[in-house]
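For reference, the chains in residue letters:
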Amino acid sequence: MELLIDHVSKRFKDKTAVNDISLKLTPGVWGLLGANGAGKTTLMRMIAGIMPPSSGQVMYGGVPIQTLGEQYRNVLGYLPQEFGFYQEFTVQDYLAYAAALKGLPERRSREKIRELLERVSLLDVRGKKIARLSGGMKRRVGIAQALLNDPAVLILDEPTGGLDPGERVRFRNLLSEFAHGRIVLISTHIVPDVEYIAACHAIIRDGRLLATGTTEDLVGLAEGKVWNCTIPADAVPEYEDRFRIVGVRNECGGSVSIRYLADQPCNGSSAAAPRLEDLYLWLSPQGGEESEGREQ
Amino acid sequence: MRILHLELKRVMKSRLTWVLLALALAFSILLAWLPVTYCYSNDTDEAGNEVRLTGLASVAYEKKRQADAAGVVAPERVREAVETYQACLTAYGVTESYNLPEGVYEREILPIAPLLHGVKEAFADPDTGMAPSIMEIDPARLDDYYSICEARIVSLMETEQPDSPAAQHRAAEMYRQVEKPFEVYPGMNSAIMDYQNIMGFLVLLFCVVIAAPAFSAGYQSGADDILRCTRHGRAELGSAKVLAALLVSGAAFLICAAAYLLTANSLFGWECTETSIQMMYSIVTLADMNIGELQRLFAAAGLLSVLASVSFTLFLSAKCRTAAASLASGLVFCIAPTVVSMTAPETLSAWLCSILPASSTSIQASVLYAVTDFQFLNLGGLAVWTPYAMIGACAIEIPLFAFLAVRSYCRHTAPGG
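Residues numbered from 1 in each chain as written. Chains lettered and ligands numbered in written order. Predicted model: local features only at pLDDT ≥ 70, side-chain atom pairs only at ≥ 80, totals over all residues.

**Remarks on the packing of helix α14 (residues 291-319) of chain B against helix α15 (residues 323-343) of chain B**
Residues and elements named next belong to chain B. Basically, it comes down to this: Axis lines are fitted through C-alpha atoms, for helices just across the contact stretch, and the angle between N-to-C directions can take any value from 0 to 180 degrees. Helix and strand definitions here come from DSSP, where helices need a minimum of 4 consecutive H or I residues and strands a minimum of 2 consecutive E residues; each element is numbered from the N-terminal end. In a left-handed crossing the near helix is turned counterclockwise from the far helix by less than a right angle, and in a right-handed crossing that turn is clockwise. Each residue is represented by a C-beta atom placed from its backbone, and any two residues with such atoms within 7 Å are regarded as in contact. Classification used: nonpolar for Ala, Val, Leu, Ile, Met, Phe, Trp, Tyr, Cys and Pro, charged for Asp, Glu, Lys and Arg, polar for all others including Gly.
Relative orientation of the contacting elements α14 and α15 amounts to 145°, with a least axis distance of 9 Å. Like other packed secondary-structure pairs, α14 and α15 cross with a definite hand, here right-handed. Where α14 abuts α15, its residues Ser309, Phe312, Thr313, Leu316 and Ser317 lie against Ser326, Ser329, Gly330, Phe333 and Cys334. Across the contact of α14 with α15, the residue classes break down as four nonpolar, six polar and no charged.

**Digging into the domain arrangement of chain B**
The condition that has to hold: Source of the domain bounds: an automatic or database domain assignment.
Each assigned domain of chain B is listed with its residue range as follows: domain 1 (2-36 + 189-411) and domain 2 (41-163). Looking at the side of domain 1 of chain B that touches domain 2 of chain B residue by residue, the classes come out as eight nonpolar, three polar and no charged.

**Considering the nonpolar core**
Basically, it comes down to this: By definition, a nonpolar core groups buried Ala, Val, Leu, Ile, Met, Phe, Trp, Tyr and Cys residues that connect through C-beta atoms lying within 7 Å of each other. The exposure scheme places C-beta atoms from the backbone and then counts, for each residue, the other C-beta atoms within 10 Å of its own, assigning buried at 20 or more, exposed at 12 or fewer, and partly exposed in between.
Trp30(A), Ala144(A), Leu185(A), Val203(B), Cys207(B) and Leu314(B) are the most contacted members of the largest nonpolar core, which totals 216 residues. Broken down by element, this core gets its largest block of residues, 16 residues, from α14(B). Composition of this core by domain shows at least three residues from each of domain 1 (2-36 + 189-411) and domain 2 (41-163) of chain B. Residue contacts for Trp30(A): discarding those within four places in its chain leaves Leu25(A), Val184(A), Leu185(A), Ile186(A), Ala198(A), Cys200(A), His201(A) and Ala202(A).

**Section: the sheet that holds strand β11 (residues 226-232) of chain A**
Pairing between sheet strands relies on hydrogen bonds along the backbone, with the strands arranged either parallel or antiparallel. Residues and elements named next belong to chain A. Test applied: Should DSSP find at least two bridges between two strands, the strands are taken to pair.
Across the sheet, which stays open at both edges, the four strands sit in the order β12-β13-β11-β14 with antiparallel pairing between neighbours. Among the strands making up the open sheet, the edge pair consists of β12 (244-250) and β14 (270-271). Sheet analysis places β11 next to strand β13 (residues 255-261), joined by seven bridges and oriented antiparallel. If you follow Ile231 over to β13, its bridge partner there is Val256.

**Looking at the interface of chain A and chain B**
Residue-level contacts link 32 residues of chain A with 23 residues of chain B. Mapped by element, the contributors of at least two residues to the side of chain A that touches chain B are α1 (40-48), α3 (70-74), β6 (76-79) and α4 (91-101) of chain A. Of all the elements, α4(A) adds the most residues to the side of chain A that touches chain B, at five residues. When its residues are assigned to classes, the side of chain A that touches chain B shows 18 nonpolar, seven polar and seven charged.

Here it is, written out as structure tokens:
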């Protein structure tokens, strides 16, 4: 099964949030990279079927998801970027509610909820009201609900927001185990979150798809554009004006080692091995700066 | 069923729901008690001193004093009452009962007062509607009391609905079918019905507050984004939310109405509910029922009105993007019938108040007032009595708005930006 995003656009009154994006998602973990405001959330909502595209369509197994309706939702797991819970629910109640809506039989849902609560380390707080949980815990409840129905298509919009480093590692491991034979799409603007678990990536900016491919393919695009150089500390501002500096490390004797992106290096530079983040920044000339307001 | 059960569990776990339901029940009992506190009577003790009785003591005193008046309101009993009244006032040389010497009214007139209800109205001038004083009525004419009442409804309708012969005919026909002679069992007053109206309106408000966030709160918090991506997250969840809100509201209203009627009727006496409504309201009231039946009809109409209003509020909730917007618009529609009845022209008001879902239990425009009024909706040659229109409209609106709420919920899309 594959998920085909076919010339999908979304226009709001005065803004085109997603502009003619086409992408074929095959089983595996996909990273959707883009700065805040790039159109990731809008694209995710259209893939999840809760926002209709202005043009184009999303197809699963060759059939538009609107036509599939309940069949598509039956294989879908979705974690929005921003989401709320009913204040009156405990963790257990909420997951039981979500499991019923996902059509899990009662006994199966009890087993699955327990299993997932263990996986996301929330077993101890299952009787607690969600409103009283920390941001990271709420996020983990969100992740658990998305996995309840063992979805064939898992859409996670900024899933690691609010998670501490340990939780991020556990989340990545959980997802790696889960992803076999499934389509998992993770949107983020934090590249390391997907660099090691996503086999393929799509990079979008201003609603347009800039690049797509495997990690290796994409990293290859940044080959010959990443450089290291050691310069006097007081020269950093001058270099910042000339180059896109992506890393600065203090060295002995008042000098600093910089890592920067450029087509042509300055004197004394040596080529550095590119990483996915380098390509992402290379393709985002604005430096991945966050656009004003909330993402469309 | 499982989703409905979980949705009901969710609604009933909300502290707001419990607080509002508890308040509704407490208000229902309090409102049933309040009319008792307004009752007062003056008695004279053995030493000849005037004693003021209040509350249940007053109710008991009046029941005791008027015990002989209780029963069937046969024309000859009305005639005797009028003769007694006229003889009493003539003996004291006054023309109005409030000019009688202290204690005389309580002794002479109070015991027969229930039988005198409506006599002046029955003899009102057909052209001006002005009622004569009882002293001006010829007791001999009272032998034909109910024929006079039937003639009065004809003249009244000619004044009330001059352009609608259909309404005039329908009203006269309805009144002819009212069982006569009437019955009266003293002790209860119309405040009981007014407070039942207030009770219904308060429960309506509480139910609307509970129902208003049903969909919109999920939209606002983003909780809905997750739920609508699930297998049963559209029509099934929407239907479960609608059903849960209707069940909770319906149960709340039934419990509160039952608590109100049990309390009020126990305080004033269940036998009072056998009184014909013509002996509490206008003598030419069109409905063929007693007070108990009116209470039950009003409760049933109130239930339908609450369910229709909740259904409509759910529709608003499915349309609004924030809980505050759905709550505000829901409450506006609760008070709309009252505002319309006070401000709109009569015909427009009659139509709007018959259609608006909250009408049946709204203040000043409820089914209670419609039953005791003489308004008809005229459509071509058809005249529909407004209580029928109100109840019919609610019965249609409950499934209609429930369907529209589910449909709107299914069609809702996540907001941009």
